[in-house]
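# Survey of secondary and tertiary structure
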Amino acid sequence: MHEFSLMQSVLETVEGTARDAGAARVTVIRLVVGQMTEVVADAMEFALEALGPGTLSEGAELVLTNVEPRSRCCVCGHEFKHDRYHWSCPACDSLATELLAGKELYIDSIEVEEYNT
Ligand SMILES: [Zn+2]
């Protein structure tokens, strides 16, 4: 499952960052996910629930920011937004288009709780 390996590497990165910051636990994980990556939010939640226990991210809230796909037409230069399945140019019908946004997949930020000492 795509989301499982993805969440695994997200958690590894988050874990390292949180430990470096001396955090007691991670409360929020924010990810930016382009629609063209075909990552399913529910599957990501499920993966976090399955992989979270035993890590600092156990019980963390997952916030996904969706990025709409955007492309530029190679023929007429028109820039446009589209969904996952339609990327032909609305101005000239060309299928020769270049994806500008929508394949993002990265950790935007995390929120942590510090030890009360
Ligand atoms: Zn065009």
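Figured I'd write up the structure that's included with this text.

Criteria and cut-off values
Residues numbered from 1 in each chain as written. Predicted model: local features only at pLDDT ≥ 70, side-chain atom pairs only at ≥ 80, totals over all residues. Heavy atoms only, no water. Core = buried A, V, L, I, M, F, W, Y, C linked by side-chain atoms within 4.5 Å. Buried < 20%, exposed > 50% of the residue type's maximum accessible area, 1.4 Å probe, protein only. Helix = DSSP H or I, 4+ residues; strand = E, 2+ residues; numbered from the N terminus. Contact = heavy atoms within 4.5 Å. Phe/Tyr/Trp six-rings, centres within 6.5 Å; stacked < 30°, edge-to-face > 60°. Salt bridge = Lys/Arg side-chain N within 4 Å of Asp/Glu carboxyl O. Axes fitted to C-alpha atoms, helices over the stretch in contact; angles between N-to-C directions. Parallel < 35°, antiparallel > 145°, perpendicular 65-115°, else oblique. Left-handed = near helix turned anticlockwise from the far one by under 90°. Nonpolar A, V, L, I, M, F, W, Y, C, P; charged D, E, K, R; others polar.

## Quick word on the nonpolar core
- Counting 18 residues, the largest nonpolar core has Met-7, Val-26, Ile-29, Leu-31, Met-44 and Leu-62 as the members making the most contacts within it.
- Elements supplying a minimum of two residues to this core: helix H1 (2–20), strand E1 (23–34) and helix H2 (41–51).
- Examining the composition of this core, we find that 6 residues originate from one element, H1, more than from any other.
- Among residues more than four places away in sequence, those in contact with Met-44 are Glu-3, Leu-6, Met-7, Leu-31, Val-39, Leu-62 and Leu-64.

## Brief notes about the packing of aromatic side chains
- Here the structure, examined in full by the defined rule, presents 1 aromatic pair.
- Between Phe-4 and Phe-46, the ring centres sit 6.1 Å apart and the planes meet at 70 degrees, which makes this aromatic pair edge-to-face. Residue Phe-4 is located in helix H1, and its partner Phe-46 is located in helix H2; the two are separated by 42 residues in the primary sequence.
- For Phe-4, a relative accessible area of 24% puts it in the partly exposed group.
- Residue class for Phe-46 comes out partly exposed when judged on its relative accessible area of 48%.

## Brief notes about the pattern of salt bridges
- Counting across every chain of the model gives 7 salt bridges.
- For Glu-68, the salt bridge is made with Lys-81, and the minimal N-O distance between the two is 3.7 Å. Taken as a pair, Glu-68 in the loop between strand E2 (61–67) and strand E3 (70–73) and Lys-81 in strand E4 (residues 79–81) lie far apart in primary sequence, 13 residues in all.
- For Lys-81, a relative accessible area of 57% gives the class exposed.
- Close ionic contact of Glu-79 with Arg-72 constitutes a salt bridge, the shortest N to O distance being 3.5 Å.
- Using a relative accessible area of 32% as the deciding quantity, one classes Arg-72 as partly exposed.
- Several salt bridges share partner residues, and in doing so they unite Arg-70, Arg-72, Glu-79 and Glu-98 into one network.

## Structural notes on the packing of H1 against H2
- Packing of H1 against H2 brings their axes to within 9 Å, and their N-to-C directions diverge by 60 degrees. On the basis of the axis angle, H1 is oblique to H2. Handedness of the crossing formed by H1 with H2: right-handed. On H2, the residues that touch Glu-3, Phe-4, Leu-6, Met-7, Gln-8 and Leu-11 of H1 are Ala-43, Met-44, Phe-46, Ala-47, Leu-48, Ala-50 and Leu-51.
- A breakdown of the residues in the contact of H1 with H2 according to their chemical character gives 11 nonpolar, 1 polar and 1 charged.

These values are about where atoms sit, not about what they do.
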